[in-house]
Amino acid sequence: EETLEPGTGYLLRLTADDPVTFTGTPINEISISLSAGWNLFSGLSTSLAPDLVYAQDIIQSGTIYGLDGVYFSPESIDPGMGYWVRSTEDGEITLSLGLSAKQVSFVNRVEEANSITFSSGTYTTELYFGVEVHEDEILSYSLPPVFPQMAFDARFSGDTKMVLDSGEIEVLNTTEALTLSYEIL
């Protein structure tokens, strides 16, 4: 890309660990076009709570992910960072400093599930099983796409982190060691 578009998230392949500086004008409000499925987006010039993104009608609860070698659920949407988000349909979201979050009803079923944890030593991913998830909630446990430059990833086939009884597990690991642990409730 020659020009970075505000609101669009980008994957950068850097050749060194040196900081990269971007300059531009502050963004205090932005409308972002999304397609149904997974999208990369970026936020405003100040940090936002993920709840402000989830409050948008077309965003699937539980599906904002950052990437730092492994996918993680961010505590905030920070300036200069890109995030994956799953949209339930084509549409547009608006992010604004003055935006208030409406209450989004979401029951996080991982809290009552059994878990299996995969660790490469540096990165750790937890998968969940043994809890029934309603059909209208299943996408809340989906994961963004895997790509070869990732340092680590573990998921059930079908790009999910939750299954009821059993599932095939796919692991991307760039180290020789892989540690597994589990917790049965």
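Quick caveat: nothing in here was measured; it's all calculated off a predicted structure.

The rules behind these values
- Residues numbered from 1 in each chain as written.
- Predicted model: local features only at pLDDT ≥ 70, side-chain atom pairs only at ≥ 80, totals over all residues.
- Heavy atoms only, no water.
- Buried < 20%, exposed > 50% of the residue type's maximum accessible area, 1.4 Å probe, protein only.
- Helix = DSSP H or I, 4+ residues; strand = E, 2+ residues; numbered from the N terminus.
- Pairing = 2+ DSSP bridges.
- Core = buried A, V, L, I, M, F, W, Y, C linked by side-chain atoms within 4.5 Å.
- Contact = heavy atoms within 4.5 Å.
- Salt bridge = Lys/Arg side-chain N within 4 Å of Asp/Glu carboxyl O.

(A) The pairing of strand β7 (residues 114–119), seen in detail. Of all 6 residues in β7, 6 are buried, a share of seventy percent or more. Following β7, the chain reverses through 4 residues before pairing antiparallel with strand β8 (residues 124–129); Gly121 in that reversal takes a positive phi of roughly 105°. Pairing geometry for β7 and strand β12 (residues 179–183), over 5 bridges, is antiparallel. Across the sheet, Ser119 pairs through a bridge with Thr179, a residue of β12.

(B) Spotlight on the nonpolar core. Judged by nonpolar contacts, the single largest core of 17 residues is most densely connected at Phe41, Val53, Ile59, Ile64, Ile93 and Leu95. Taken together, the elements giving at least two residues each to this core come down to β1 (29–34), α1 (50–54), β3 (59–67), β5 (82–87) and β6 (91–96). In contact with Val53, not counting residues within four places along its chain, are Phe41, Ile59, Ile64, Ile77, Val85, Ile93 and Leu95.

(C) The arrangement of the pattern of salt bridges in detail. Taken as a whole and assessed by the stated rule, the structure comprises 3 salt bridges. Here Arg109 ties to Glu137 by a salt bridge, and the two come within 2.7 Å at their closest N and O atoms. Remark: Glu137 occurs in the loop between β8 and β9 (152–156) and Arg109 occurs in the loop between β6 and β7; sequence separation between them is 28 residues. The same class applies to Arg109 and to Glu137, which are both buried. Measuring nitrogen to oxygen at the nearest pair gives 2.6 Å for the salt bridge that ties Arg155 to Asp153. Residue classification places Arg155 among the buried residues on the basis of a relative accessible area of 1%. Judged by relative accessible area, Asp153 falls into the buried class, the value being 5%.

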